[in-house]
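Residues per chain are reported as follows:
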Amino acid sequence: MVLIVRAFLDAMCTAIDMQPVSRAATHFRADVEGLRAIAVLSVVAFHYGVPGLTGGFVGVDVFFVISGFLITQLLLREIAATGKVDFLGFYGRRAKRLLPAAFAVTLATLIIGYFVLAPFEQKEMAKSAAASALYAANVWLLRQSMNYFAPESSLNPFLHTWSLSVEEQFYLVWPAFLLIVGRFSQKIILLALLIVVFGSFAGCIYLTYGKQAWAFYLAPPRAWEFGAGALIATRPFERWAKQPGSSSIVGWLSFALLILSFFAIDGFMAFPGVVAVVPVAATALLLLTGNNAAGPSALLRTHPFQFFGARSYAIYLWHWPIAVLGTVLVGSTALANCLFFAMTIVLSSLSLAWLEYPIRASHWLAQRSVRSIVMGGAVTIAATVAGILSFAIAQYVTNGAQAKIVASTSKYSLSSESGCLAGFTTQSPIRCVFGPSSYTKTIVLLGDSHADQWTTALAAIAEQRGWRLITYLKASCPIADIPVSEVYSLRLRRLSPQCASWREQAIAMIKTQDSPDAILLTQFSSGNVKGPFTNLGPHAVSIETWERGLFGALKELEPVNAKLIVIGDNPTPYHPVGNCLARAEWRRLPFSTCSRSLSLTTSNEVFEAEQRAVSSINNARMIDLTSSICTGLVCPAIRDGVVVYRDANHLTVDFTLVLMDRLAAELTAAL
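First things first, this report covers the structure right here in the doc.

What counts and what doesn't
Residues numbered from 1 in each chain as written. Predicted model: local features only at pLDDT ≥ 70, side-chain atom pairs only at ≥ 80, totals over all residues. Heavy atoms only, no water. Helix = DSSP H or I, 4+ residues; strand = E, 2+ residues; numbered from the N terminus. Rg over C-alpha atoms; globule rule 2.2 N^0.38 Å. Buried < 20%, exposed > 50% of the residue type's maximum accessible area, 1.4 Å probe, protein only. Contact = heavy atoms within 4.5 Å. Areas by Shrake-Rupley, 256 points an atom, 1.4 Å probe, with all protein chains shown as cover. Lys, Arg positive; Asp, Glu negative; His and termini not counted. Charge placed at Lys NZ, Arg CZ, Asp CG, Glu CD. 1 Å grid on protein atoms, 1.4 Å probe; cavity = no way out; pocket = protein on both sides within 12 Å on 5 of 7 lines; lining within 4 Å. Points joined across faces, edges and corners; volume = space filled by probe spheres on them. Nonpolar A, V, L, I, M, F, W, Y, C, P; charged D, E, K, R; others polar. Phe/Tyr/Trp six-rings, centres within 6.5 Å; stacked < 30°, edge-to-face > 60°. Lys NZ or Arg CZ within 6 Å of the ring centre and 35° of its normal. Patch = residues over 30% accessible without salt bridge, like charges linked within 9 Å, V, L, I, M, F, W, Y side chains within 5 Å. Salt bridge = Lys/Arg side-chain N within 4 Å of Asp/Glu carboxyl O. Polar contact = N/O pair within 3.5 Å; in protein donor to acceptor, adjacent residues only side chain to side chain. Disulfide = S-S within 2.5 Å.

### A look at the overall build of the protein chain
Here is step 1 of the chain: Helix and strand counts for the protein chain come out as 31 helices and 13 strands.
Here is step 2 of the chain: Radius of gyration (C-alpha) of the protein chain: 28 Å, near the 26 Å computed for a compact globule of 671 residues.
Here is step 3 of the chain: Counting only C-alpha atoms, the protein chain reaches 85 × 55 × 40 Å along its principal axes.
Here is step 4 of the chain: Across the 671 residues in the protein chain, those meeting the buried criterion constitute 57%.
Here is step 5 of the chain: For the protein chain, contacts bridging at least 24 residues in sequence account for 80% of all contacts bridging at least 6.
Here is step 6 of the chain: Here the protein chain displays about 27200 Å² of accessible surface, and carbon together with sulfur accounts for 65% of that area.
Here is step 7 of the chain: Between the centroid of the 50 positive side chains of the protein chain and the centroid of its 40 negative side chains there is a distance of 10 Å.

### Examining empty space enclosed by the protein
Here is step 1 of the chain: Summed over all chains, the structure comprises 5 cavities of 30 Å³ or more.
Here is step 2 of the chain: Estimated volume of the largest cavity: approximately 50 Å³.
Here is step 3 of the chain: The wall of the largest cavity is formed by Pro 478, Ile 482, Glu 486, Val 487, Tyr 488, Asn 528, Leu 536, Val 541 and Trp 546.
Here is step 4 of the chain: Of the residues assigned to the lining of the largest cavity, the class counts are 7 nonpolar, 1 polar and 1 charged.

### Here we look at the packing of aromatic side chains
Here is step 1 of the chain: Following the criterion strictly, the structure yields 29 aromatic pairs and no others.
Here is step 2 of the chain: Look at Phe 57 and Phe 149: their rings are 4.8 Å apart centre to centre, the planes differ by 75 degrees, and that puts the pair in the edge-to-face class. Taken together, the residues Phe 57 in the loop between helix H3 (30-47) and helix H4 (59-82) and Phe 149 in the loop between helix H7 (137-143) and helix H8 (161-181) connect sequence positions 92 residues apart.
Here is step 3 of the chain: We classify Phe 57 as buried; its relative accessible area is 3%.
Here is step 4 of the chain: Using a relative accessible area of 16% as the deciding quantity, one classes Phe 149 as buried.
Here is step 5 of the chain: Summarising the aromatic geometry, the rings of Tyr 114 and Phe 115 are spaced 5.0 Å apart at their centres and angled 90 degrees between planes, so their arrangement reads as edge-to-face.
Here is step 6 of the chain: Classification of Tyr 114 as partly exposed rests on a relative accessible area of 26%.
Here is step 7 of the chain: Cation over ring: Arg 94 sits above Tyr 171, and NZ or CZ is 5.7 Å from the ring centre.
Here is step 8 of the chain: Positioned over the ring face of Trp 214 is Lys 211, at 4.4 Å from the centre of the ring.

### Here we look at helix H24 (residues 455-465)
Structurally, the α-helix is built with 3.6 residues per turn, so residues lying three or four positions apart point the same way.
Here is step 1 of the chain: Within the span of H24, buried status applies to Thr 455, Thr 456, Ala 457, Leu 458, Ala 459, Ile 461 and Ala 462.
Here is step 2 of the chain: Downstream of H24 by a residue or two, Gly 466 has a phi angle that is positive, lying close to 75 degrees.

### So, the environment of Ser 261
Here is step 1 of the chain: In this structure, Ser 261 sits in helix H13 (residues 244-264).
Here is step 2 of the chain: What makes Ser 261 buried here is its relative accessible area of 2%.
Here is step 3 of the chain: Distance in space between the C-alpha atoms of Ser 261 and Asp 31 is 19 Å, their sequence separation being 230 residues.
Here is step 4 of the chain: If near-sequence neighbours (up to four positions away) are discounted, Ser 261 is found in contact with Gly 55, Val 58, Val 278 and Pro 279.

### Remarks on a nonpolar patch on the surface
Here is step 1 of the chain: On the surface, Ile 180, Phe 184, Ile 188, Leu 191 and Ile 195 cluster together into a nonpolar patch covering about 510 Å² of accessible area.
Here is step 2 of the chain: In terms of residue count, helix H9 (residues 186-208) provides more of the nonpolar patch than any other element does, 3 residues in total.
Here is step 3 of the chain: With respect to the helices and strands, the residue Ile 188 is situated in helix H9.
Here is step 4 of the chain: Look at Ile 188 and you get partly exposed, because its relative accessible area is 36%.

### Considering the side chain of Glu 356
Here is step 1 of the chain: Relative to the helices and strands, Glu 356 is located in helix H18 (residues 334-361).
Here is step 2 of the chain: A distance of 3.1 Å separates a polar atom in the side chain of Glu 356 from a polar atom in the side chain of Arg 97.
Here is step 3 of the chain: Once residues within four sequence positions are removed from consideration, Glu 356 is found in contact with Arg 97, Ala 101, Tyr 313, Ala 314 and Ser 351.

### Here we look at the state of the cysteines
Here is step 1 of the chain: As enumerated under the stated definition, the model contains 4 disulfides in all.
Here is step 2 of the chain: Disulfide pairing places Cys 420 opposite Cys 432 at an S-S distance of 2.0 Å. One disulfide, between Cys 420 and Cys 432, carries an S-S torsion of -100 degrees and so falls in the left-handed class. Here the residue Cys 420 occupies a position in the loop between helix H22 (414-417) and strand S1 (421-422), and Cys 432 occupies one in strand S2 (residues 431-434), the gap between them amounting to 12 residues.
Here is step 3 of the chain: With relative accessibility at 11%, the residue Cys 432 sits in the buried group.
Here is step 4 of the chain: With its sulfur 2.0 Å from that of its partner, Cys 477 forms a disulfide with Cys 499.

Listed below in structure tokens is the structure:
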């Protein structure tokens, strides 16, 4: 830390003059600076919910291509001039450029997060901060099964650092790679880069449609994007770029294609995969044609683009923690997001002027590269220690009330603990049996995770009544007979044909193996139907399709000659109730702030459609437990001292046990 302070004081008087000097020394291109502005503003706009900008997140891919281009150009020039790579100089420059600002944001986020987030959230934040400091945020998020596009990702202030970790990992291997191939002819260099690009791209496509999160977060499946920028830095492409007529046309077409991708791509597509080719190719071509004054560079060189481009790194660092912590405090409204953006610009400008510029302009650091390396190491250690201390403090301040909330929302159902809930890619049904060996009736439970949440209570009822309970459960798989082309998995980011196959097999097994007295069906109804209650976007189905699908499923089961009982889906708060309660307790706020109006948690349209489908089947009936979950027009987060929801849409195991008597009475009446 002493090194940072000394470098800062040493450079303050020259900070104003630093930028022009640095630009001259590094063959500064104003069009690239402008391209950075487009990249960062698209990401910020996406995160701040600007309408229509569904693909703003591909701004990260733009950054990857730019990094590949600039770093490769820099290193190839050095190798051509000296025959070697100054590794200390290279990593020293990266340390000065990237680490001090990242440390400042990390420290500020941890401090403010202590006052805003609940202790258990602080622990997760601290772990993410340490992973980010060690350039492993992408691997950490992958291990945590953190879906970048899922609603719960908005709870992690360090989510955005995954891309910075990917870049750092790229920096670790790329200089050595170029040193090896850079000694050979231009053809060999080009061939080596092509092998990297196509090899990585092939792996990216394979993983995107198999393990999408791996393709999204890991560096190897993203290497082709850096490689695309690297190709543009090679001599054959540089020669083509000097052709004025064709390059200006290609430049403007590429610019239009890049802007179009921000609006045409969305988080529901299988990304990165083939879809990422559009922004990556557009960015590479813009870099290739950027020196042509008749192309987009005329626009990219203007002051607004230069302003945001110069601050792009700082803006990227600050915008997401501000959004996450600010949303916790004041909510996410258009006005709040405008305020968050203004704060982002102010803080990024201050960190640029008072931290980034002085550190980069420091003559003392520039005298010996090892000083920058040591400074970078010190900052890395300090950020890691800050994360560890933050975790320890959160552990220390966790009280009994916090522990009770976390315990209730972390408890999983009997079927989940028994491995009976089929995963997202599982196609074969898992048949699980609960209850006494000697039984008088057989009850079958068929559904998704909203059916799974009832299994602890149903198993207890089965034990009491001498019934056998058989479950067929699959996560995120509706029981309604929806066309295969319309069943979309939010977790897999693609259509899920496994769901229809699983449903058909499960129904066939019920018909041939179980001889049930009653079949219970329940599912996340409002989460699948178009309207304000779904996260499926364009992949949500119409209310008519949903009604036909439920009717079709009941019709398939009708020949079983069992009672068909549809348990209406529970009211859904659509916000992380456990997090809200823990924050309220931590900040001494009333728990009622976490309650939701009944009208905001239920869809009368969906409920009525399901009632129509059920009434069309002779031996079917519907159970509605809403009155036991909500009180009047309010759905509380805690009822009679018991936490109602474990997340944004599932009931806690503890609360389903509270409802056990009501559920048992309804089932007995139906039988």
